[in-house]
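Observations on the model geometry
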Protein chains: 2
Amino acid sequence: MPRQPALAVLLAAALALPAAVAGADAPPTRTTQEVLEASTPADWRTPDPANTLYMDLDAGRVVIELAPDFAPQHVENIRILAREGFWNGAAIYRSHDNFVVQFGDPHADDPERARPTGSARTRLPAEFERPARDLDFHPLPDRDGWAPEAGFVAGFPAAREGTDGAAWMAHCYGAVGAGRGLEADSSIGAELYVVTGQSPRQLDRNITLVGRVIRGMELLSAVPRGPEPLGMLEDPARHVPIRAITLASELPAEQREPIEVLRTDTATFDAYVESRRNRRDAFYKRPAGHVDLCNIAIPSRTPRD
Amino acid sequence: MPRQPALAVLLAAALALPAAVAGADAPPTRTTQEVLEASTPADWRTPDPANTLYMDLDAGRVVIELAPDFAPQHVENIRILAREGFWNGAAIYRSHDNFVVQFGDPHADDPERARPTGSARTRLPAEFERPARDLDFHPLPDRDGWAPEAGFVAGFPAAREGTDGAAWMAHCYGAVGAGRGLEADSSIGAELYVVTGQSPRQLDRNITLVGRVIRGMELLSAVPRGPEPLGMLEDPARHVPIRAITLASELPAEQREPIEVLRTDTATFDAYVESRRNRRDAFYKRPAGHVDLCNIAIPSRTPRD
């Protein structure tokens, strides 16, 4: 019986395979795999352990890179909270479909049961944006609907209003933000959310982003959605326990995760972006010639011993 | 101790609350809630049962609306497959983080074990796009990076190249497509995927979309990600069983789901889109003044008895 391929379908849609057939008029774009295979050690960076959080769940470890260039006061508070064990025994208490998971203290609203925030500051300014000047902003070639310019700053998806205007991190998949109430300055970094759905760029410049998940998103994105409004998991039995959140710099070097992330300010990264703009593997019949900021997954790897 | 709001955070980010404070210079945009509350019965439609699939999982029901205007031959084949019970006892066998789930026959590649496809056709043409003429295309006000124009056609996110060019459905969250191999015409609609991640618009015009999930996405998006490459769930113990996929028109009327979907060709829908472009609830300090096609979730509801 004639069969269609099943398990192989979408293969090339997900991974860039070497082009089986190159069209006569195809530009000399390389596939993603070709670009990454040709990368050199200088194309990769190791995130600073002082900016790296390990979030340990029963299912495994999520690794977050913090962005002090964008949210210095929140990041410093988060370092204090991690050092003092604020999240140890806390939980993911929200999973809102096509939007976010959120974690921290499920009882933060109840003064009788709330976890102490120790020596962390209890009031911080909003850090929604910062001046673009002095930032090494690496722009994308494609236009962005949400901002005058989109690109990357030291590994973080970002946007800006020209070189003399404001710059801010973008709410792409994996972005980590500081939950707040209605007041702009009501976040302290204790209750954090992670984007698990279509990039909610409308939140850009409306809430303080503090970093980005660089490994383990699949542990957060598959948390069963909360049945209550906003995806809240009100039944404690539905909470996803957090064993601990640890600042990597608090651990001996040999206990740190050997993660490398592709630099976003190199010719290799430009070639990587081009390989996503125009897919050259055999699956694609019509390369898009475009990519949105949040469609660019930044590769990471664990170096071989 | 000063506490930040925790469980209430992001409240207004997800649902549009009535504006507590309207800026003096704010345009008269209504909130999403205000728009929906002011809608009339004529603003809603009931999908045609002949274009509606019920996908029954142990966890509940997923409802898919098919789009014969875009993929008539695939839709007709899918109706045949559903009527003949092709998917009853089949499975979700792929969950690729930030991309898709895929379902059908896990053994489709193995002639010894493959399910018979009955009287369904075993070869179909690619239905990647169609002429835009004769389509009631309702454009969005905002520019789209991936296509000259983006908008909606009878409830489906779509794009086109002008009124005389091609039109196609867009790979937004919840889009249902027909998995294929490397050949453009290698899909028959038996192996289907659903977008669960950041809209992979690069697949537009490269694969046949057949419809959209209108209810139950949260049952698909939370499927634990597959450990194998491309998110494959190779261990049958990880498969998510499909009890049945049924065409609604095969059921007596009283057994059909009473779902209504907001029409996308009305003044109410325009106001809804505007409420997403410029959020006017108290949470937002800086409305974006923009929305991407795939950030517009199309409301559905179950009419009250």
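Along each chain, residue indices are assigned from 1 in the same order as the chain's sequence is written. In the order they appear in the text, chains get letters beginning with A and ligands get numbers beginning with 1. In view of the model being predicted, local features appear only for residues whose pLDDT reaches at least 70, and side-chain atom pairs are presented and counted only at 80 or more, with totals across whole chains, interfaces and linings using the full set of residues. As a rule here, side-chain values come from all non-hydrogen atoms in the structure, and water together with hydrogens is ignored.

1. Digging into the environment of A:Pro287
Residues and elements named next belong to chain A. Just so we agree on the cut-off: Starting at the N terminus, helices and strands are each numbered in turn, a helix being any DSSP run of H or I of at least four residues and a strand any DSSP run of E of at least two. Note on exposure labels: buried denotes an accessible area under 20% of the residue type's maximum, exposed denotes more than 50%, and partly exposed covers the range between, all computed with a 1.4 Å probe on protein chains only. Contact between two residues is taken to exist if any of their heavy atoms lie within 4.5 Å; hydrogens are not considered.
Summarising the element assignment, Pro287 is placed in the loop between α5 (267-277) and β16 (300-301). Using a relative accessible area of 24% as the deciding quantity, one classes Pro287 as partly exposed. Taking the C-alpha atoms as reference points, Pro287 and Gly189, separated by 98 residues in sequence, lie 41 Å from one another. Beyond its immediate stretch of four places on either side in the chain, Pro287 contacts Arg277, Asn278, Arg279 and Arg280.

2. Here's the deal with the sheet that holds strand β10 (residues 166-169) of chain A
Let me state the cut-off plainly: In short, DSSP must find at least two bridges between two strands for them to pair.
Here five strands make up an open sheet; going across it, the order is β6-β10-β9-β8-β7 (chain A) and the pairing antiparallel. Among the strands making up the open sheet, the edge pair consists of β6 (130-131) and β7 (137-139) of chain A.

3. A look at the interface of chain A and chain B
As a reminder of what qualifies: As used here, buried area is the combined drop in accessible area, with a 1.4 Å probe, of two parts when they are placed together. Here, a salt bridge means any side-chain nitrogen of Lys or Arg that lies within 4 Å of a carboxyl oxygen of Asp or Glu. We call two N or O atoms a polar contact when they sit within 3.5 Å, provided that within protein one can donate a hydrogen and the other can accept it, with sequence-adjacent residues counted only if both atoms are side-chain atoms.
In this complex, chain A contributes 82 residues to the contact, which on the side of chain B involves 82 residues. Both sides of the chain A and chain B interface together cover about 7,000 Å² of buried area, and 56% of this is carbon and sulfur. The interface formed by chain A and chain B holds two salt bridges in total. The closest approach of N and O atoms between B:Glu129 and A:Arg286, which form a salt bridge, is 3.8 Å. At the surface where chain A touches chain B, the tally comes to 24 residue pairs in polar contact (both at pLDDT 80 or more).

4. Section: the relation of the copies chain A and chain B
Inclusion rule: A least-squares fit on C-alpha atoms brings the copies together, and the residues used are those whose pLDDT is at least 70 in both copies.
Screw-axis analysis of chain A against chain B gives a translation of 0.0 Å along the axis, an RMSD of 0.0 Å, and a rotation angle of 180 degrees. Such values leave the two copies arranged in the relation of a two-fold axis. Here 100% of the interface residues in chain A have copies in chain B that are interface residues too; the copies meet face to matching face.

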